[in-house]
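Residue-level structure breakdown
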Amino acid sequence: MGVIVEELLDSGNTLVVVIDPMGIYYPMAQPNQDQERLLWEWGLSAKGVSTLVLVPGLPEVLYGGREVLDEMETRGVRFKQFHINPADLSPDAWCELFDLSISDVMGIALFRAVQHLRRRRKEQFFIPDIIDEIEGDGLVQDRTRQALLNRLEMAQDWDIFSSRYQELWEIFDSRSVNVVDLSTLDPGRGRRNLVDVLAGTCLGVVQLLDARRNWVW
């Protein structure tokens with residue numbers, strides 16, 4: 001996989017985005033000195049590749065302090081925090097995030113709320129807007145409403161979803177390997193589906209980039 005990523009980056013017309021749920025791709029920034037002699041035999045030399053690690057949260061907090069980041073940055077790894085626009089998730093993805101079926105009462109209510117917001121406000125809505133939509137839905141029973149509000153408030157505390165609209169595609173660097181490091185996510189309650197949801201969202205952004213910039217991905 002690492003070889004494929006390097007070759008894609010060297011092609012010059014490819015946006016390389018790696019969804020990394022295990023936190024194992026950032027060392028691509030360093031040259032492979034362990035096999036340097038073998039490279040010499042083929043007339044090659046070890047080299048690192050430009051690597052940008054995108055983190056869903058504050059890097060200083062998720063990686064254990066500024067000292068850790070400073071050390072990794074001396075090895076050529078760059079870090080950038082990113083947030084997901086709530087509107088970048090489809091109604092189905094919001095249900096998947098909380099492991100809800102679109103055929104049960106909570107899934108139906110959440111799907112309807114997100115769908116209505118997407119129709120009315122396009123990209124310009126956030127978690128508080130979803131909460132307001134559910135609170136104002138007269139078809140939702142009180143118990144269902146409270147269960148959904150608890151989940152949405154929990155998601156807001158994750159510090160993964162943005163509170164203002166941002167062009168997510170502007171975060172990516174076309175001259176680097178963009179590693180979306182999802183290994184830093186706490187696997188606690190409510191997050192077991194987050195890796196799949198974020199991976200799907202990033203794929204959607206890359207498809208948008210392909211349409212806007214005519215890049216290969």
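Refer to the structure above for everything that follows.
The structure contained in this document is the topic of the report that follows. (Residues numbered from 1 in each chain as written. Predicted model: local features only at pLDDT ≥ 70, side-chain atom pairs only at ≥ 80, totals over all residues. Heavy atoms only, no water.)

1. Describing the overall build of the chain
Quick reminder of the rule: Helical segments are the DSSP runs of H or I of at least four residues, strand segments are the runs of E of at least two, and each set is numbered from the N terminus. Only protein chains enter the accessibility calculation, which uses a 1.4 Å probe. A residue is then buried if its area is under 20% of the maximum for its type, exposed if over 50%, and partly exposed in between. Contacts are assigned to residue pairs that have any heavy atoms within 4.5 Å of one another.
What the chain contains, in helices and strands, is 9 helices and 4 strands. Shown N-terminal to C-terminal, the secondary structure of the chain runs as helices and strands in the order α-β-α-β-α-α-β-α-α-α-α-β-α. In the chain, buried positions account for 45% of the 217 residues. Within the chain, contacts between residues separated by at least 24 positions form 69% of all contacts whose residues are at least 6 apart in sequence.

2. Some points on the side chain of His83
For the record, the criterion: Two N or O atoms count as a polar contact when they lie within 3.5 Å, although within protein this holds only if one can serve as hydrogen donor and the other as acceptor, and sequence-adjacent residues are included solely when both atoms are side-chain atoms.
The residue His83 is located in the loop between β3 (77-81) and α5 (91-97) in this model. His83 gets classed as buried once you look at its relative accessible area, which sits at 18%. At 3.2 Å, the side chain of His83 forms a polar contact with the side chain of Gln81.

3. Section: helix α8 (residues 142-157)
Defined as follows: What a helix is expected to span follows from its residue count: subtract one and scale by 1.5 Å.
With 16 residues, α8 ought to run about 22 Å at 1.5 Å a step, and its terminal C-alpha atoms sit 23 Å apart, in line with that. Within the sequence span of α8, burial applies to Thr144, Arg145, Ala147, Leu148, Leu149, Leu152, Met154 and Ala155. On the buried face of α8, the contacting elements are α5, α6 (105-121) and α7 (127-135). In the stretch just after α8, Asp159 is the one whose phi turns positive, near 60 degrees.

4. A word on the packing of aromatic side chains
Under the convention used in this document: Between 30 and 60 degrees the pair is tilted, below 30 it is stacked and above 60 it is edge-to-face, where a pair is any two Phe, Tyr or Trp rings, Trp via its six-membered ring, whose centres lie within 6.5 Å.
In this structure the tally under the stated criterion is 3 aromatic pairs. Between Trp94 and Phe161, the ring centres sit 5.1 Å apart and the planes meet at 25 degrees, which makes this aromatic pair stacked. Of this pair, Trp94 sits in helix α5 while Phe161 is found in the loop between α8 and β4 (177-181), placing the two residues 67 residues apart along the sequence. Exposure class is identical for Trp94 and Phe161. Each is buried. Taken together, the ring pairs connect Trp94, Phe98 and Phe161 into an aromatic cluster.

5. Details of the nonpolar core
The following threshold applies: Here the nonpolar core consists of buried residues drawn from Ala, Val, Leu, Ile, Met, Phe, Trp, Tyr and Cys, with membership extended through side-chain atoms lying within 4.5 Å.
Residues Trp94, Phe98, Leu110, Ile130, Leu152, Trp158 and Phe161 are the most contacted members of the largest nonpolar core, which totals 40 residues. Mapped onto this core, the elements with two or more residues apiece are β2 (51-55), α5, α6, α7 and α8. Setting aside residues no more than four positions away along its own chain, Phe98 makes contact with Leu110, Arg151, Leu152, Met154, Ala155 and Trp158. In this structure, Met28, Ala29, Val55 and Tyr63 belong to the second largest nonpolar core, which totals 17 residues.

6. What to know about the sheet that holds β2
Keep this limit in mind: A strand pair is defined by DSSP finding two or more bridges across the two strands. Simply put, an axis is a line fit to the C-alpha atoms, just over the touching stretch for a helix, and the angle between two N-to-C directions goes from 0 to 180 degrees.
Reading across the sheet, the 4 strands line up as β1-β4-β2-β3 and stay open at both edges, with parallel pairing between neighbours. Among the strands making up the open sheet, the edge pair consists of β1 (16-20) and β3. Taken over all neighbouring pairs, the strand axes of this sheet differ in orientation by 25 degrees on average, direction set aside. Sheet topology note: the β1/β4 ladder contains 5 bridges and is parallel. If you follow Ile19 over to β4, its bridge partner there is Val180. Each of β1 and β4 touches helix α1 (residues 2-11); the most contacted strand, β1, lies at about 155 degrees to it.

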